[in-house]
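Structural description and commentary
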Amino acid sequence: KFKTTTWYSYFDRFIAPKVKDRIRLNTVVETVNYESPDGKILLTTRDGVEYSCDQVIMAVPSKIMQEEDIDFIPPLPQEKVDAINAVEFGDGMKVFIEFEERFYADVFYALPLTDYIREDPVMYYDGLFRKPTNDHMVTAFDVGFETLME
């Protein structure tokens, strides 16, 4: 784990500058065609834009892959589909709250204030623990969020 930085700042400092002009954020890919005779990968977005690539890194939630929202040509091998479908994530959420002053411990569990909604405690922690900053941020991490939605 990083002690004085984060994955984001590491990526932003050492990796992104080399590929910044080729990164596409918030771009919904509908088709990944990797059977081109020239070895290129053809991506087609929801907007109909096509990108021809030598290599692709896609950050896609497991649920998108499980629901087969992206069409792969040719289809992914069955062993990869099985591995994707074996991934299980419960619903959850992470909330960041910034304060003017620090008043909290590094890590603590709190019983819910709304016992009538749920019974499980929520974990809160210093979201900037050991980071070189004067900011104060509490992060709440909760899994099993579906109980709030029932």
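The coordinates are above.
Another point: the overall build of the chain. Secondary structure assignment for the chain yields four helices and eight strands. Tracing the chain from N to C terminus, the helices and strands come up as α-β-β-β-α-β-α-β-β-β-β-α. Here the chain holds 150 residues, and 19% of them are scored as buried. Put simply, 45% of the contacts in the chain that link residues at least 6 apart link residues at least 24 apart.

With an omega of -5°, the peptide bond between Ile-73 and Pro-74 qualifies as cis. Relative to the helices and strands, Pro-74 resides in the loop between strand S4 (71-73) and helix H3 (78-86). Of note in this structure, Asn-26 is not a glycine but carries a positive phi near 50°. Residue placement: Asn-26 occurs in the loop between helix H1 (7-19) and strand S1 (29-33). For Glu-68, which is not glycine, the phi dihedral falls at a positive 55°. Considering the arrangement of structural elements, one finds Glu-68 in the loop between helix H2 (62-66) and S4. A residue is classified by how much of its surface remains accessible, and Glu-68, at 59% relative accessible area, is exposed.

Throughout the structure, instances matching the rule amount to three aromatic pairs. Taken together, a centroid distance of 5.1 Å and an interplanar angle of 45° make the contact between Tyr-10 and Phe-14 tilted. With a gap of four residues between them, Tyr-10 and Phe-14 both fall in helix H1, about one helical turn apart. One aromatic cluster is present, built from ring pairs that chain together Phe-99, Phe-103 and Tyr-104.

Once that is clear, we can look at the nonpolar core. Core analysis: the biggest nonpolar cluster contains nine residues, these being Val-29, Val-32, Ile-41, Leu-43, Cys-53, Met-65, Ile-70, Phe-72 and Ile-84. Taken together, the elements giving at least two residues each to this core come down to S1 and strand S2 (41-45).

So, on to the pairing of S2. When you tally the buried positions in S2, you get four out of five residues, the bulk of the element. Here S1 pairs with S2 via four bridges, running antiparallel. Across the sheet, residue Asn-33 finds its bridge partner in S2, namely Leu-42. In terms of strand pairing, S2 meets strand S3 (residues 50-53) through four bridges, oriented antiparallel. Of the residues in S3, the one forming a bridge with Thr-44 is Glu-50. Between the end of S2 and the start of S3, which pair antiparallel, lie four residues, with Gly-48 showing a positive phi angle near 85°.

With that settled, consider the side chain of Asn-33. Looking at where Asn-33 falls in the secondary structure, it is placed in strand S1. A polar contact is formed between the side chain of Asn-33 and the backbone nitrogen of Glu-35, at a distance of 3.0 Å. Excluding anything up to four places from it in sequence, Asn-33 contacts Lys-40, Ile-41, Leu-42 and Ile-73.

The rules behind these values
Residues numbered from 1 in each chain as written. Predicted model: local features only at pLDDT ≥ 70, side-chain atom pairs only at ≥ 80, totals over all residues. Heavy atoms only, no water. Helix = DSSP H or I, 4+ residues; strand = E, 2+ residues; numbered from the N terminus. Buried < 20%, exposed > 50% of the residue type's maximum accessible area, 1.4 Å probe, protein only. Contact = heavy atoms within 4.5 Å. Phe/Tyr/Trp six-rings, centres within 6.5 Å; stacked < 30°, edge-to-face > 60°. Core = buried A, V, L, I, M, F, W, Y, C linked by side-chain atoms within 4.5 Å. Pairing = 2+ DSSP bridges. Polar contact = N/O pair within 3.5 Å; in protein donor to acceptor, adjacent residues only side chain to side chain.

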